[in-house]
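So you can see what is in the structure, the chains are spelled out below.
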Amino acid sequence: MRSIWKGAITFGLVNVPVKVYTATEDHDVSLHQVHDKDGGRIRYRRVCEIDGEVVEYANIAKAYDDGERTVVLTDADMASLPAEKSREIDVVEFVPTEQVDPIMFEKSYYLEPDSRSVKAYALLRRTLEESDRTAIVKFALRQKTRLGALRVRGDVLMLQSLLWDDEVREARFPALDEKVSISAKELEMSQALVKSFESDFSPEKFTDDYQDQLKELIEAKLEKGDALDTAETFGETADEGGGEVLDLMEALRRSVEKNRAESAPAKKPASKKTPAKKKASA
């Protein structure tokens, strides 16, 4: 893993230098969009609505629009904000762990001690463990001021960014206001059903069936030869006379023939044919 941020946890006069690492990762199979007719890649173009030119990422700035006026904010503008310059994870308070509602959890980060002496890090970790408290912190990361929960996971301090209070929507459903009568027998049967499913949570027992099946489908299509040459999907198959456009069936046929040729035993070279005429240049 590579750290994404360096700073220090601060509370009172205590300063704990740390490196921040993203604690989670996406395991989904990466898919991209193609033209269903010929398999060519579909790209999103960043086009300026004034001059119609395609704009490079380096020349793209952020802007705020109030409906009548637009304010352009450059990278220099964003970097000038005091909160963005801060390299401190500032502890605001220590609260009972059960008071932090899981609905507020957003992103998880591991914190590694960033000094030769890890005593302050170990002391904070031990204190949180034995007091059963979670530190509520404020910090700035990637151009956002964030609220966070600092807690212990095994031997490591973990920082979990939290949603702000106004980012959590209230659940207002009329059906919840209806009076419902539940009999003692219904409650007893429901509790018995829950008891029959009781277990300790072991996350390793669960797998993402959809992603596993998607991988199997991809492998099956590759084994059948139902695939395109990646270079062709980018439109990179070209001769001196210009790019060659293939329809899907032709591309599949060539791929199948290529796979067969690679797996077939070597044959005697065929007699030479008269070379085909080149396309006339445009």
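Preceding this paragraph is the structure being described.
Every chain's residues receive numbers from 1 upward, in the order its sequence appears when written. Since the coordinates come from a predicted model, pLDDT governs what is reported: local features require at least 70, and pairs of side-chain atoms require 80 or more to be given and counted, while whole-chain, interface and lining totals use all residues. Heavy atoms throughout the structure, all of them, feed into the side-chain values; hydrogens and water do not.

A.B. asks: I would appreciate a short explanation of the sheet that holds strand β8 (residues 145–153) in the present structure.
C.D. replies: Two modes of strand pairing occur in sheets, parallel and antiparallel, and in both the strands are linked by backbone hydrogen bonds. Criterion used throughout: strands pair if DSSP finds at least two bridges between them. Secondary structure counts use DSSP, requiring at least four H or I residues in a row for a helix and at least two E residues in a row for a strand, with both numbered from the N terminus. Strand order in the closed barrel made by the seven strands is β1-β2-β6-β9-β8-β7-β5, with mixed pairing throughout. Put simply, the sheet's adjacent strands are angled 40 degrees from each other on average, direction ignored. In this structure, strand β1 (residues 5–11) lies alongside strand β5 (residues 88–96), joined through three bridges in parallel fashion. Bridge pairing in β5 places I9 opposite I89. Helix axes are fitted to C-alpha atoms over the stretch in contact, other axes to C-alpha atoms as well, and angles between N-to-C directions run from 0 to 180 degrees.

A.B. asks: Mind showing me how you'd approach the pairing of strand β7 (residues 133–140) here?
C.D. replies: Strand residues, when the strand is regular, have side chains that alternate between the two faces of the sheet. Whether a residue is buried, partly exposed or exposed follows from its accessible area with a 1.4 Å probe, protein chains only, as a fraction of its type maximum: under 20%, in between, or over 50%, in that order. Burial analysis of β7 places six of its eight residues in the buried class, the great majority of the element. Two elements, β5 and β7, share six bridges in a ladder whose sense is antiparallel. Directly across from V91, in β7, lies its bridge partner V137. In this sheet, β8 lies alongside β7 in antiparallel orientation, the contact comprising six bridges. The residue bridging A140 from the neighbouring strand is T145, located in β8.

A.B. asks: What am I meant to see in the packing of aromatic side chains here?
C.D. replies: For any pair of aromatic rings, the description rests on two quantities: the centre-to-centre distance and the angle between the ring planes. Pairing of aromatic side chains requires ring centres within 6.5 Å, counting the rings of Phe and Tyr and the six-membered ring of Trp. Pairs whose planes differ by under 30 degrees are stacked, by over 60 edge-to-face, and all others tilted. Summed over the entire model, instances satisfying the criterion amount to two aromatic pairs. Considering the side-chain rings of F11 and F94, the 5.8 Å spacing of their centres and the 80 degrees angle between planes classify their relative orientation as edge-to-face. Of this pair, F11 sits in strand β1 while F94 sits in strand β5, and the two are 83 residues apart along the sequence. Residue class for F11 comes out partly exposed when judged on its relative accessible area of 23%.

A.B. asks: I would appreciate a short explanation of the pattern of salt bridges in the present structure.
C.D. replies: Oppositely charged side chains can pair when the atoms bearing their charge come close. For this analysis, a salt bridge means a side-chain nitrogen from Lys or Arg found within 4 Å of a carboxyl oxygen belonging to Asp or Glu. Using the criterion set out here, one finds four salt bridges in the structure. A salt bridge links K195 to E198, with the nearest nitrogen and oxygen atoms 3.8 Å apart. A relative accessible area of 56% places K195 in the exposed class.

Nothing here speaks to function; it is all geometry.
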